[in-house]
Amino acid sequence: MHRCAGIVVKDRTESNVRMAMTLEEAPWLGWLLVKALMRFAFMVVNNLVAIPSYICYVIILQPLRVLDSKRFWYIEGIMYKWLLGMVASWGWYAGYTVMEWGEDIKAVSKDEAVMLVNHQATGDVCTLMMCLQDKGLVVAQMMWLMDHIFKYTNFGIVSLVHGDFFIRQGRSYRDQQLLLLKKHLENNYRSRDRKWIVLFPEGGFLRKRRETSQAFAKKNNLPFLTNVTLPRSGATKIILNALVAQQKNGSPAGGDAKELDSKSKGLQWIIDTTIAYPKAEPIDIQTWILGYRKPTVTHVHYRIFPIKDVPLETDDLTTWLYQRFVEKEDLLSHFYETDLET
């Protein structure tokens, strides 16, 4: 009898403690909800003003597109950069900042380059928008390769006008999408004075592809990765074949890391970009917009490869990409083990 009474008293005590904690957290949770609603309303107003303004200016400037195409795309690129800066500011106001490591990519900002980025969540795109705002005209002259689902977001019309490429995932679409990408690059890259391309070679988010990637690695005796997945080489090969200028001897005409003022034409650099989130908890677009997660610092690491050091043959290129993602795996493992926020 006494034992039962003791258990009842203990349960009531624990219940009272939980209730007290809930009551103490209520004001904070209430403020978090109000802040999220205010941020959402601000974002809606931003979009209702900025995106129609962009579209209107693009329409008004159509005569300039006929008379001076290069100037038209320069102006369009500046407006595009402003819009991406607006999106980046939503994260900055919520306390989501970025710390950049590795080589200085600003040194190659005037050259043609491809960024190869690991993909964990929709917030990766927002993180890059924030990182690249201070890299000269990179954002204005950039082409994104992103999942086709982004075409149906509020920003989809802007990306369509700017000339970004929406790629549909899935084995049944793969060959068709690569042909469309090749045609898209031929029609839009140089004619719109694009310089950089952002590519996520893994072909999807880490959480969705990890199990499939590990099964493929086990079956084919390839590296077993946890923090990234094995990259696909199809889109990378299409880009390199379309944009790398060839010398007379057939070798790629790229720059040298010590000679960043290279005058050679065509794609010159591959920028291996690794995004790392504290505690391996990526930020998604909802968090970026609503700001309900505590302020955090995302780390971005860069490594620059001259194009002459990158193989163009399919098998060699695939091996080279695997090596880069093994390095990403090691880099992320070290970060998660030593990160002070973990």
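In every chain, residue numbers begin from 1 and rise along the written sequence. Owing to the predicted nature of the model, reporting of local features is limited to residues with pLDDT of at least 70; listing and counting of side-chain atom pairs is limited to 80 or more, with chain, interface and lining totals taken over all residues. With hydrogens and water stripped out, all remaining heavy atoms of the structure feed into the side-chain values.

**Q** If you had to explain the UniProt feature "transmembrane region" (unreviewed entry) in the protein to someone new, which residues and values would you point to?
**A** UniProt positions are given in the numbering used here, feature names are shortened, and annotations may be inferred rather than shown by experiment. As annotated by UniProt and renumbered to match this structure, "transmembrane region" (unreviewed entry) occupies residues 37-60 and 72-93. Starting at the N terminus, helices and strands are each numbered in turn, a helix being any DSSP run of H or I of at least four residues and a strand any DSSP run of E of at least two. Annotated as residues 37-60, this span is 100% helix and 0% strand, and its ends, taken at the C-alpha atoms, are 35 Å apart.

**Q** Which residues make up the pattern of salt bridges, and what values go with them?
**A** For salt bridges, the criterion is a side-chain nitrogen of Lys or Arg within 4 Å of an Asp or Glu carboxyl oxygen. All told, the structure shown has 10 salt bridges when counted by the stated rule. A salt bridge links K308 to D309, with the nearest nitrogen and oxygen atoms 3.5 Å apart. For D309, a relative accessible area of 42% gives the class partly exposed. Between E327 and R324 there is a salt bridge, and its shortest N-O distance comes to 2.8 Å. Taken together, the residues span about one helical turn, with E327 and R324 both in helix α10 (residues 314-338) at a distance of 3 residues. Where salt bridges share partners, they join E100, D134 and K135 into one cluster. Burial classes: relative accessible area under 20% of the type maximum marks a residue as buried, over 50% as exposed, and values in between as partly exposed (1.4 Å probe, protein chains only).

**Q** Mind laying out the environment of E103, listing which residues take part and the relevant values?
**A** Summarising the element assignment, E103 is placed in the loop between β1 (96-102) and β2 (112-117). When its relative accessible area of 34% is taken as the criterion, E103 is described as partly exposed. Distance from E103 to I271, taken between C-alpha atoms, is 9.3 Å for residues 168 residues apart in sequence. Nitrogen and oxygen atoms within 3.5 Å of one another constitute a polar contact, given that in protein one can donate a hydrogen and the other can accept it, and given that sequence-neighbouring residues count only through two side-chain atoms. Reaching out from E103, the side chain makes a polar contact with the backbone nitrogen of I304 at a distance of 3.0 Å.

**Q** If you had to explain a positive patch on the surface to someone new, which residues and values would you point to?
**A** A patch consists of residues whose relative accessible area exceeds 30% and which take part in no salt bridge; residues with like charges are grouped when within 9 Å of each other, and nonpolar side chains (Val, Leu, Ile, Met, Phe, Trp, Tyr) when within 5 Å. Residue exposure ignores everything except the shown protein chains as possible cover, and the areas themselves are Shrake-Rupley values with a 1.4 Å probe. Charge assignment: positive for Lys and Arg, negative for Asp and Glu; neither His nor the chain ends contribute. In plain terms, the charge of a residue is placed at NZ if it is Lys, CZ if Arg, CG if Asp and CD if Glu. A cluster of basic side chains, namely R171, R174, K219 and R232, defines a positive patch on the protein surface. Relative to the elements of secondary structure, K219 occurs in helix α7 (residues 206-219).

**Q** Before we move on, could you go through the packing of aromatic side chains and cite the residues and values that matter?
**A** To describe a pair of aromatic rings, you give the distance between the ring centres and the angle between the ring planes. Any Phe, Tyr or Trp ring, taking Trp's six-membered ring, that has another such ring centre within 6.5 Å forms a pair; planes under 30 degrees apart are called stacked, those over 60 apart edge-to-face, and the others tilted. With the rule as written, the count across this model stands at 6 aromatic pairs. For the pair F305 and W320, a centre-to-centre distance of 5.2 Å together with 80° between the ring planes defines the contact as edge-to-face. With F305 in strand β7 (residues 296-306) and W320 in helix α10, the pair connects residues that are 15 residues apart, well separated along the chain. As far as burial versus exposure is concerned, F305 and W320 are alike and both buried. Geometrically, a lysine NZ or arginine CZ counts as sitting over a ring once it is within 6 Å of the ring centre and also within 35 degrees of the ring normal. The ring of W320 carries R324 above its face, with NZ or CZ at 4.8 Å from the centroid. Seen from the ring of F325, K328 lies directly overhead, with NZ or CZ sitting 5.2 Å from the centre.

**Q** Can you explain a nonpolar patch on the surface? Please cite residues and give values.
**A** On the surface, F40, V44, V45, L48 and V49 cluster together into a nonpolar patch covering about 450 Å² of accessible area. Take F40: it is sitting in helix α1 (residues 2-60).

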